[in-house]
Amino acid sequence: MRFGRTRAFGCVARPNPVQIYLPIAELPVNVFLILGMGIAVGFISGMFGVGGGFLMTPLLIFVGIPPAVSVVTVTAHMAASSASGAIAYWRKGAIDFGLAGVLLLGGMVGTGLGVWVFTILRRFGQLDLAIGISYVLLLGIIGSLMIGESVQAILRSRRKTAQPPRLAGKPRWFAGLPFRMHFRRSNLDVSVLPVLAIGGGIGFLGAVMGISGGFMLVPALIYLLRVPTGVVLGTSLVLTLATMAAAVLMHALSSLSLDVVLALILMVGGVMGAQFGARAGQAMRGEQLRLLLGLLVLAVGLRFLIDLALPPGEMFTVLQTERVR
Amino acid sequence: MRAPAPVRLAVAAVLAQLTFLALSAPASAERLVISLSTDRVQIASNFTGDDIAVFGSIDLPAYLTEGIAYDVAVTVQGPRQSFTTRRKERVLGLWVNVDSREFVEAPAYLAVLSNRPLADIADGDVQRRERLGIANVRLLQRIGPDYADTVADDVFRQAFVRIRSGEGLYIESDADVSFLTGTVFRATVPLPPNVPTGRFDVDVKVFAAGQLVARDRAALTISKVGFEHFVAVYARDHALLYGLAVALMALGTGWLASVIFRRD
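Worth saying up front: this structure is predicted, and the values here are computed from it rather than measured.

(A) Region of interest: the overall build of chain B. A count of helical and extended segments in chain B gives 6 helices and 14 strands. The burial tally for chain B puts 50% of its 264 residues in the buried class. Sequence-distant contacts in chain B: of pairs separated by 6 or more residues, those separated by 24 or more amount to 67%. Accessible surface, chain B as shown: approximately 12,500 Å² in total, 56% of it carbon and sulfur.

(B) Fine view of the nonpolar core. Formed by 91 residues in total, the largest nonpolar core has its most connected members in Phe54, Leu60 and Phe215 of chain A together with Tyr242 of chain B. When residues of this core are assigned to their parent elements, the largest contribution, 10 residues, is made by helix α4 (residues 67-91) of chain A. When sequence neighbours within four positions are dropped, the list of residues in contact with Leu60 of chain A reads Ile34, Met37, Ile65, Ser70, Val74, Leu262 and Leu266 of chain A.

(C) The interface of chain A and chain B, seen in detail. Listed as interface residues are 72 residues of chain A and, on the opposing side, 73 residues of chain B. Overall, the association of chain A and chain B removes approximately 6,200 Å² of surface from exposure, summing both partners, and the carbon and sulfur fraction of that is 65%. In this assembly, chain A and chain B are joined by 2 salt bridges. Measuring nitrogen to oxygen at the nearest pair gives 2.7 Å for the salt bridge that ties Glu314 of chain A to Arg162 of chain B. Inspection of the chain A/chain B interface yields 12 residue pairs in polar contact (both at pLDDT 80 or more). Counting residues per element, the side of chain A that touches chain B draws most heavily on helix α10 (residues 260-282) of chain A, which supplies 12 residues.

(D) Seen up close, the sheet that holds strand β13 (residues 198-208) of chain B. All names here are of chain B. Spatial strand order, β2-β14-β13-β4-β7-β10: 6 strands in an open sheet with mixed pairing. Either end of the sheet is taken by a strand with one partner, and the two such strands are β2 (40-43) and β10 (170-173). The mean inter-strand angle of the sheet, taken between neighbouring strand axes irrespective of direction, is 15 degrees. In the sheet, strand β4 (residues 70-77) pairs with strand β7 (residues 110-114) via 5 bridges, with the strands oriented antiparallel. By the bridge assignment for β7, Val76 is matched with Ala111.

(E) Local environment of the UniProt feature "transmembrane region" (unreviewed entry) in chain B. The positions that UniProt labels "transmembrane region" (unreviewed entry) are, in the present scheme, residues 239-261 of chain B. End C-alpha to end C-alpha, residues 239-261 of chain B measures 33 Å, and it is 96% helix and 0% strand.

(F) Highlighting helix α11 (residues 286-309) of chain A. Spanning 24 residues, α11 of chain A covers 34 Å between terminal C-alpha atoms, matching the ideal 34 Å at 1.5 Å per step. Residues Glu287, Leu289, Leu293, Gly294, Val297, Val300, Gly301, Phe304 and Leu308 of chain A constitute the buried set of α11 of chain A. Those residues of α11 of chain A hidden inside the fold are in contact with α2 (31-48), α3 (53-62), α6 (127-159), α8 (214-224) and α10 of chain A together with β6 (94-107) of chain B.

(G) Representation of the packing of α2 of chain A against α3 of chain A in the model. Residues and elements named next belong to chain A. Close contact between α2 and α3 brings their axes to 10 Å; oriented N to C, the two are set at 160 degrees. Compared by their axis directions, α2 and α3 come out roughly antiparallel. Considering the relative orientation of α2 and α3, their crossing is right-handed. Counted together, Ile34, Met37, Gly38, Val41 and Ile44 of α2 and Leu55, Met56, Leu59 and Leu60 of α3 form the full contact between these two elements.

(H) Quick look at the pairing of strand β9 (residues 146-149) of chain B. Residue and element names in this part refer to chain B. Sheet topology places strand β8 (residues 140-143) next to β9; 4 bridges connect them, and they run antiparallel. Along β9, the bridge assignment pairs Arg142 with Tyr147. A loop of 2 residues connects β8 with β9, the two strands running antiparallel in sequence, and Gly144 in this loop sits at a positive phi of about 60 degrees.

(I) Representation of the packing of aromatic side chains in the model. For the structure on display, the rule yields 9 aromatic pairs over all chains. Consider the rings of Tyr109 of chain B and Phe200 of chain B, whose centres lie 5.4 Å apart with planes at 55 degrees: the pair is tilted. Note that Tyr109 of chain B is positioned in the loop between β6 and β7 and Phe200 of chain B in strand β13, a separation of 91 residues in sequence. Ring centres of Phe230 of chain B and Tyr234 of chain B lie 5.4 Å apart, and the angle between their planes is 25 degrees; on these two criteria the pair is classed as stacked. In this pair, Phe230 of chain B and Tyr234 of chain B are both assigned in helix α5 (residues 226-237), 4 residues apart and thus about one turn of the helix distant. Over the ring of Tyr89 of chain A we find Lys92 of chain A, and its NZ or CZ is 5.2 Å from the ring centre.

Rules and cut-offs
- Residue positions are given per chain, counting from 1 as you read along its sequence in written order.
- Chains carry letters from A onward and ligands carry numbers from 1 onward, assigned in written order.
- Totals for whole chains, interfaces and linings use all residues, but because this is a predicted model, local features are given only for residues with pLDDT of at least 70 and pairs of side-chain atoms are given and counted only at 80 or more.
- Based on all heavy atoms of the structure, the side-chain values leave hydrogens and waters out of the count.
- Each helix is a run of DSSP H or I of at least 4 residues and each strand a run of E of at least 2, with the numbering of both proceeding from the N terminus.
- Note on exposure labels: buried denotes an accessible area under 20% of the residue type's maximum, exposed denotes more than 50%, and partly exposed covers the range between, all computed with a 1.4 Å probe on protein chains only.
- The contact definition used throughout considers only heavy atoms, calling two residues in contact when any of these lie within 4.5 Å.
- All accessibility values rest on the Shrake-Rupley procedure with a 1.4 Å probe; residue burial counts only the protein chains present in the view.
- What is meant by a nonpolar core is a set of buried Ala, Val, Leu, Ile, Met, Phe, Trp, Tyr and Cys residues, joined one to another through side-chain atoms within 4.5 Å.
- Summed over both partners, the accessible area (1.4 Å probe) lost when two parts come together is defined as the buried area.
- In what follows, salt bridge is the name for a side-chain nitrogen of Lys or Arg lying within 4 Å of a carboxyl oxygen of Asp or Glu.
- Here a polar contact is recorded for every N or O atom pair within 3.5 Å, except that within protein the pair must consist of a potential hydrogen donor and a potential acceptor, and residues adjacent in sequence are included only if both atoms are side-chain atoms.
- Strand pairing is assigned whenever DSSP detects at least two bridges linking the two strands.
- Axis lines are fitted through C-alpha atoms, for helices just across the contact stretch, and the angle between N-to-C directions can take any value from 0 to 180 degrees.
- UniProt positions are given in the numbering used here, feature names are shortened, and annotations may be inferred rather than shown by experiment.
- A helix's residues, less one, multiplied by 1.5 Å, set its expected span.
- Angles are sorted into four bins: roughly parallel if under 35 degrees, roughly antiparallel if over 145, roughly perpendicular if 65 to 115, and oblique for all others.
- Handedness of each helix crossing follows the sense of rotation of the near helix against the far helix: counterclockwise by less than a right angle gives left-handed, clockwise gives right-handed.
- By convention, a stacked pair of Phe, Tyr or Trp rings (six-membered ring in the case of Trp) has centres within 6.5 Å and planes under 30 degrees apart, an edge-to-face pair has planes over 60 apart, and any other such pair is tilted.
- Any Lys NZ or Arg CZ found within 6 Å of a ring centre and within 35 degrees of that ring's normal is scored as a charge over the ring.

Below, the structure written as structure tokens:
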């Protein structure tokens, strides 16, 4: 009789320094894989001045993190990376806090609504579908618009003909709305209603889709509200910071999906990558950056479309029935 | 390859204990005594899965001679959880969840381990009666207000078992029980990295000539310890403070990065 080395003893708890157990997701992950994803997405977000949630959330789901944990935890990651950016802009005084405050007011309502819809969709099993369709539509439309706009800008600069149209001061369709307010830093006189609506929409989408919405907010502020470009990025980062911090709180209260360990690894990687990305971004021309970002956004949207349209390998999915509070 | 000395000692101690228990038992028919290598699995930050050994000794009464061929089936059931299984169908060109079934209080982990294929151990009737094998374990399904067991060939049940098996959480194996002597055996229960936490029931049945002759049960607990335990409990019991802590951590990380990488 021989008690040889078998699976029972050979493999027991061999400590693996690369793996770390996530207390809320309830599975071990490779620290360097997650850190690397944080750095890569952080690099892109720093380069283009966006949150990067539209990349991070699908990546986490792809490596096996439960979708709910991914969406919720990415909000904490984006709070961190937007904080580091916002502080940098704050030092330069490139933030319109009045505008950010009104946007935030709408953002809070939108985020609360989004967290509520997120919980309901999950209960009815349509969260995947809702996330998929909204990614396809939003990323497809925004990506195409960005590509179109940046290609035109590149062609224009090649021909060296007409200057790009000056945006500030043009009449706007919502010019007649009541509750006008003056935003000093942006030197802007506008009704608070469209500002609230933009903030609310971004907050809602952010909570449901696990994105910060920076890639939508920046164009919205520039093209719809005609906010001066110098103030846009800082203001958008402050808004992102506040809505994401609020989303962290609301998600923590409404579901057991916020994983502090996963969040910390993502944050550390994200803020590091963002610093290098920001330097890389400054070396490139604006329209080239927008074209690249547009292509990236469109590619992610197409990926979701393919997932929805092709017959899946497994027709069934199993999810533990909602752990609601 | 030899096992390390402490492990050999532990095995010897377990076997000595089993022999003692077996000798002190009344000799009426076969009696089974089992012992687990541990009754407490702790999940810390370095947890990447584990294996539990189940030792068993079949005690023979005086009138039974040795040489009877025994078979062993070990069923391990994890904590009960409810699961929703959804089926995708094509709607307007998109693959959408349309139909769903909820499996109520199903074992979150299920392992059926035996020394040879279940079909060789007992016939279909005995397998059903003794709930032997994943196909015969009760999986309750909620249909409106009613609860009903599902038949083994129900598509939702099959999909549920297939997906849980793919995640390493439902296991049926005829290679993980081995006899050390004619009446002493050891089973190896594999716990995957994503194993759920809670109470696990181990039910060991011994068969001879296709009939159940002895049975014993044991239980073990899998729980998070240390930091992992603290986080899980804190997130559940103090949600607001937990959320605030994570939000502050995000602010702190961002602030730290902006200080470290400051260039002016």
